[in-house]
Amino acid sequence: MRTTRMRLRRGALAAGTGAALLLTAACGQAENMDDQGGGGGDDTGAGGEVTIRFAWWGNPDRARMTQEAIDAFNEEHPDITVETEFTDFDAYWDRLATSVAAGDEPDVITMGGAYPREYGSRGTLLDLAEVSDIIDTSVYDEAALANGHFDGTQYGVPTGVNSYGVVANPRVFEEAGVPMPDDDSWSWEDYAEIAAEISANSPDDVYGSEDPTAPDTLDLFADQHTGSGLYTEDGGLAVTPDTVEQWFDLTTGLVESGATPEATVSVELMGQPNPEQTLMGQGLAGMTFAWTNQLQAFAEASGDDLVMLRAPGETTEQEPGQWLQASQLYTIGANSDHPEAAAELISFLTTSTAAADAIGSDRGVPAVAELREHLEPDLQPVQQTEYAYIDRMTGLIDGDFVIGPPGSADSPSIMDRVNEQVLFEQLSPAEGGQQFIDEMNAAIESS
């Protein structure tokens, strides 16, 4: 069976690099939605009533949605009190590391990126087989469920799913007189030619594509061309210098043809993560690679109706390389005093229509097909596009899943640094390929 791997969102984990390893690090005080403080999961009253702690990252809007879902949960489970703790993404990992070091981790722990492997391998997370009578893993999309599985153990279930692909602006295509591609048959060569044609037929500040270089895109490209993405199952680097060189050959060719911007523009955009600051967000690009959950932000920033396309090369290379990724994972602390209550909460949050009504796709498009069908009638047009793409990809993606090893969270910053040198011709594609491999191996070995 083909292998699908864990992909880290571009830049999503870079700022929190190593936080999961700093198990004795200091942390800031996280906000508590209920102003109840840490509960520790002790019994709170007679009749079997218990209190569990639920930790996650986010903002006040997510807090409101989460509380609505918990209120619905309490209607069904009045004997379980849920104390919620949230903070911003970077502070979350510092707080969690300190809690684990003190033996005071929450009962329900939100995970993401490469962190499940780090915490699971240290014995921090519960094997969900111990609560299989409560959490039925068969209801989740298989590819997304694999995000929480390694070393033969299921440690987490997806809060929702995203998928990677090409965001395209039909208006830019139309104004350039270029037809939209058949994304069931196009190749990387087609992508390059289409992007160059759009640039040639558009104003000087409009490009066929933004620079597509990112760990996610390289992972996809490598999988298509070699059958292996960035990482091995035993926690090493699978991609080779030759494959990275092929990638840089492609991207430098895009610059030379005018399909993507000159180096100065692309490097400046590397430091502009907000959608409204990208070329796609400004309505100045025909195509860019992104996640489905970014589609709405791009559409709102540009004011255009955007679409999601299957990545080039999926049917023309050695094998498909696209994947579904869990937006986040819900896990249970291995030392929880109330794993059954924690499992009840996780099951409710991820499979109940009441929770779906409260949370929507805030934590990703639901990983349960029935919930997607439940929500679809009330979706906005851009959300309908997102859901339809997830449904389509679910039918096209198969395989097992390999989570990136500790150190892999450095991949976005390493890729940006090496890509900048290649774009400015300070490194050749071959030298850039070797430099990326060397720096990635050093990051993994030092973690």
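Please read these numbers as outputs of a predicted model, since none were measured by experiment.

A. Up close: empty space enclosed by the protein. All told, the structure shown has four cavities of 30 Å³ or more when counted by the stated rule. Each pocket or cavity is described by its volume, and for the largest cavity that value is around 130 Å³. Lining the largest cavity are 17 residues, with T159, L349, T350, I359 and G360 positioned closest to its centre. Partitioning the lining of the largest cavity into residue classes produces 11 nonpolar, five polar and one charged.

B. View of helix α15 (residues 411-423). With 13 residues, α15 extends 18 Å from end C-alpha to end C-alpha; this agrees with the ideal 18 Å at 1.5 Å per step. All of the buried residues in α15 are S411, P412, I414, M415, V418, N419, V422 and L423. Taken down its axis, α15 places every buried residue within 155 degrees of arc, on the same side. Residues of α15 that are buried sit in contact with α7 (215-226), α8 (241-257), α9 (263-270) and α16 (429-445). With its phi angle positive at about 60 degrees, E425 sits one or two positions after the end of α15.

C. Main features of the environment of T217. Its location among the elements puts T217 in helix α7. The class for T217 is buried, based on a relative accessible area of 0%. Note: C-alpha distance between T217 and F289 (72 residues apart in sequence) is 7.5 Å. Beyond its immediate chain neighbours, meaning those up to four positions away, T217 contacts Y164, W188, P212, W247 and F289.

D. Quick peek at the pairing of strand β5 (residues 108-111). Of the two faces of β5, the one carrying V108 and T110 and the one carrying I109 and M111 are both buried. Pairing of β5 with strand β14 (residues 329-332) involves four bridges; the strand directions are antiparallel. Each bridged residue has a counterpart across the sheet, and for V108 the counterpart in β14 is I332.

E. Inspection of the nonpolar core at higher detail. Counting 108 residues, the largest nonpolar core has F54, M287 and F436 as its most contacted members. Ranked by the residues each element gives to this core, the list is headed by helix α11 (residues 339-351), at seven residues. Beyond its immediate sequence surroundings of up to four residues, F54 is in contact with T66, I70, V82, E83, T84, E85, V108, T110, Y330, L345, L349 and R363.

F. Structural detail: unusual backbone geometry. With a phi angle near 55 degrees, D151 is a residue other than glycine that sits in the positive phi range. A positive phi angle, near 60 degrees, is found at E425, a position not held by glycine. The exposure class assigned to E425 is exposed, which follows from its relative accessible area of 70%.

G. Main features of the packing of aromatic side chains. If you walk through the whole model with that rule in mind, you get 21 aromatic pairs. Seen in terms of ring centroids, F54 and Y330 are 5.5 Å apart; in terms of plane orientation they differ by 80 degrees. Their pairing is edge-to-face. Here Y330 lies in strand β14 and F54 lies in strand β3 (residues 50-57), a separation of 276 residues in the sequence. On the numbers, 5.6 Å between centres and 90 degrees between planes, the contact of W188 with W247 is edge-to-face. With W188 in helix α6 (residues 188-200) and W247 in helix α8, this pair connects stretches of sequence that are 59 residues apart. Given the relative accessible area of 0%, W247 is considered buried. Aromatic rings pair up to connect Y164, W186, W188, Y191, F221, W247, F289, W291 and W323 into one cluster. Between R363 and the ring centre of W56, over which it is positioned, the NZ or CZ distance is 5.1 Å.

H. Fine view of the packing of helix α10 (residues 295-302) against helix α14 (residues 381-394). The N-to-C vectors of α10 and α14 enclose an angle of 145 degrees; their axes lie 9 Å apart at closest approach. Where α10 crosses over α14, the two elements pack in a sense that is right-handed. Contacts from L295, Q296 and A299 of α10 reach α14 at V382, Q383, T385 and E386. For the contact of α10 with α14, the per-class residue count stands at three nonpolar, three polar and one charged.

I. Examining the confidence of the model for the protein chain more closely. Averaged over all residues, the pLDDT of the protein chain equals 87, while 87% of them reach at least 70. Low pLDDT, under 50, characterises residues 1-47; the predicted model gives this stretch 157 contacts beyond four residues in sequence or across chains.

The rules behind these values
Residues numbered from 1 in each chain as written. Predicted model: local features only at pLDDT ≥ 70, side-chain atom pairs only at ≥ 80, totals over all residues. Heavy atoms only, no water. 1 Å grid on protein atoms, 1.4 Å probe; cavity = no way out; pocket = protein on both sides within 12 Å on 5 of 7 lines; lining within 4 Å. Points joined across faces, edges and corners; volume = space filled by probe spheres on them. Nonpolar A, V, L, I, M, F, W, Y, C, P; charged D, E, K, R; others polar. Helix = DSSP H or I, 4+ residues; strand = E, 2+ residues; numbered from the N terminus. Expected span 1.5 Å × (residues − 1). Buried < 20%, exposed > 50% of the residue type's maximum accessible area, 1.4 Å probe, protein only. Arc of directions from axis to C-beta. Contact = heavy atoms within 4.5 Å. Pairing = 2+ DSSP bridges. Core = buried A, V, L, I, M, F, W, Y, C linked by side-chain atoms within 4.5 Å. Phe/Tyr/Trp six-rings, centres within 6.5 Å; stacked < 30°, edge-to-face > 60°. Lys NZ or Arg CZ within 6 Å of the ring centre and 35° of its normal. Axes fitted to C-alpha atoms, helices over the stretch in contact; angles between N-to-C directions. Left-handed = near helix turned anticlockwise from the far one by under 90°. pLDDT = per-residue confidence, 0-100.

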